[in-house]
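Coordinate analysis (summary)
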Amino acid sequence: DQQVKQNSPSLSVQEGRISILNCDYTNSMFDYFLWYKKYPAEGPTFLISISSIKDKNEDGRFTVFLNKSAKHLSLHIVPSQPGDSAVYFCAASARAAGNKLTFGGGTRVLVKP
Amino acid sequence: DGGITQSPKYLFRKEGQNVTLSCEQNLNHDAMYWYRQDPGQGLRLIYYSQIVNDFQKGDIAEGYSVSREKKESFPLTVTSAQKNPTAFYLCASTERGINREQYFGPGTRLTVT
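To keep things clear, this report deals only with the structure shown in the data block. (Residues numbered from 1 in each chain as written. Chains lettered and ligands numbered in written order. Predicted model: local features only at pLDDT ≥ 70, side-chain atom pairs only at ≥ 80, totals over all residues. Heavy atoms only, no water.)

Here the focus is a nonpolar patch on the surface. A contiguous nonpolar patch, built from A:Ile18, A:Ile20 and A:Val78 and spanning about 230 Å² of accessible area, is present on the exposed surface. Considering the arrangement of structural elements, one finds A:Val78 in the loop between strand S8 (72–77) and strand S9 (86–93). (Patch = residues over 30% accessible without salt bridge, like charges linked within 9 Å, V, L, I, M, F, W, Y side chains within 5 Å. Areas by Shrake-Rupley, 256 points an atom, 1.4 Å probe, with all protein chains shown as cover. Salt bridge = Lys/Arg side-chain N within 4 Å of Asp/Glu carboxyl O. Helix = DSSP H or I, 4+ residues; strand = E, 2+ residues; numbered from the N terminus.)

Turning our eyes to something else, we now look at the pattern of salt bridges. Residues and elements named next belong to chain B. Across all of its chains, the model carries six salt bridges over all chains by this definition. The closest approach of N and O atoms between Asp30 and Lys71, which form a salt bridge, is 3.5 Å. Of this pair, Asp30 sits in the loop between strand S3 (19–25) and strand S4 (31–37) while Lys71 sits in the loop between strand S7 (64–66) and strand S8 (76–78), and the two are 41 residues apart along the sequence.

Turning our eyes to something else, we now look at the sheet that holds S8(A). Residues and elements named next belong to chain A. Strand order across the open sheet formed by five strands is S1-S3-S8-S7-S6, with antiparallel pairing between neighbours. The open sheet has two free edges, formed respectively by strand S1 (4–5) and strand S6 (56–59), since each of these has just one partner strand. One ladder, built from six bridges, connects strand S3 (residues 19–25) with S8; its direction is antiparallel. Looking at S8, one finds that Ser19 is bridged to Ile77. (Pairing = 2+ DSSP bridges.)

The next subject is the interface of chain A and chain B. Across the contact, 21 residues belong to chain A and 24 residues belong to chain B. With both sides pooled, the region where chain A packs onto chain B buries about 1,800 Å², and carbon together with sulfur makes up 55% of that total. Counting every contact that joins chain A to chain B gives zero salt bridges. Linking chain A to chain B there are three residue pairs in polar contact (both at pLDDT 80 or more). Elements represented by at least two residues in the side of chain A that touches chain B include exactly strand S4 (32–38) and strand S5 (45–51) of chain A. Sorting elements by how many residues they give to the side of chain A that touches chain B places S4(A) first, with four residues. Broken down by class, the residue content of the side of chain A that touches chain B amounts to ten nonpolar, six polar and five charged. (Contact = heavy atoms within 4.5 Å. Buried area = accessible area lost by both parts, 1.4 Å probe. Polar contact = N/O pair within 3.5 Å; in protein donor to acceptor, adjacent residues only side chain to side chain. Nonpolar A, V, L, I, M, F, W, Y, C, P; charged D, E, K, R; others polar.)

So, on to the pairing of strand S1 (residues 4–7) of chain B. Residue and element names in this part refer to chain B. By the alternation rule, side chains of S1 split into Ile4 and Gln6, which are all buried, and Thr5 and Ser7, of which none is buried. Note: S1 against S3, four bridges, orientation antiparallel. Considered in S3, the bridge of Thr5 is made with Glu24. (Buried < 20%, exposed > 50% of the residue type's maximum accessible area, 1.4 Å probe, protein only.)

On to the state of the cysteines, then. One pass over the full model with this rule turns up two disulfides over all chains. Each sulfur of the disulfide joining A:Cys23 and A:Cys90 lies 1.9 Å from the other. Note on the A:Cys23 and A:Cys90 pair: the S-S dihedral is about 60 degrees, so by sign convention the disulfide is right-handed. Here A:Cys23 is found in strand S3, whereas its partner A:Cys90 is found in strand S9, with 67 residues between them in sequence. Each member of the pair, A:Cys23 as well as A:Cys90, is classed as buried. The disulfide partner of B:Cys23 is B:Cys91, and the gap between their sulfur atoms is 1.9 Å. As the torsion about the S-S bond is roughly -70 degrees, the B:Cys23-B:Cys91 disulfide counts as left-handed. Here the residue B:Cys23 occupies a position in strand S3, and B:Cys91 occupies one in strand S9 (residues 87–94), the gap between them amounting to 68 residues. The two residues B:Cys23 and B:Cys91 agree in class, both being buried. (Disulfide = S-S within 2.5 Å.)

If you look at the biggest cluster of nonpolar residues, it comprises 24 residues, and the most contacted ones within it are A:Phe33, A:Trp35, A:Leu73, A:Leu75 and A:Tyr88. Listing elements by their share of this core, those giving two or more residues are S3, S4, S5, strand S7 (62–67), S8, S9 and strand S11 (107–112) of chain A. Sequence-distant contacts of A:Phe33, that is, excluding residues within four places in its chain, are made with A:Tyr25, A:Ile48, A:Ser49, A:Ile50, A:Leu66, A:Leu73, A:Ala91 and A:Ala92. Within the second largest apolar cluster, 20 residues are counted, among which are B:Val19, B:Tyr47, B:Tyr89 and B:Cys91. (Core = buried A, V, L, I, M, F, W, Y, C linked by side-chain atoms within 4.5 Å.)

Sheet strands pair by backbone hydrogen bonding; their relative direction is either parallel or antiparallel. Residue and element names in this part refer to chain B. If you trace the four strands from one edge of the open sheet to the other, you get S1-S3-S8-S7, paired in antiparallel fashion. Bordering the open sheet on either side are S1 and S7, each of which pairs with just one other strand. On average, each strand axis in the sheet is inclined to that of its neighbour by 20 degrees, with strand direction left out of account. Of the pairings in the sheet, the one linking S7 to S8 comprises three bridges and is antiparallel in character. Note on S8: the bridge partner recorded for Tyr64 is Val78. (Axes fitted to C-alpha atoms, helices over the stretch in contact; angles between N-to-C directions.)

If you want it as structure tokens, here you go:
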């Protein structure tokens, strides 16, 4: 039973436009959410996170939105750049579970010049 | 430079052999984690340790074993009991406390034939 789902396996976007990546979760105990970027054969790199007490967090070109009632979060990348082409994973943790992360299946983003 | 190292980058073994993957961190992090990634899938938690000499099973611990004798080191042994050992293995660490992002090593690609 997947507790964190990324329903879009891939996304193609033109350079300069917005990339929107979506993530849904089922476990209402999750209270901290993260986005990671990953290149092939490398470890994931942390991008941005959001606590359940917030509904938005912004860091440069990256903004994460959290809708707790819908159990949904999204990552917006504006403007998209060719270097953003990678696989993006959302992850969630619950305070009671001691920082254990549950990952979604990933979304592959291709930014076309 | 602080970080997490995993060695080797690529590892090949014959079926029926145990193999140990190395993970070392000099970030002074208390907690360490092992994940595996299969092609086209997200990361799944194998084992984690929140403090020296203590560790817990993750979601897919069968066929694996770990030890945590030093804060800096968290080796993972893939035993012959693991039915599908070929995968990309990632080690991560994090500071003590809630809502902390995990930092990942570069990964080890294990191929068992």
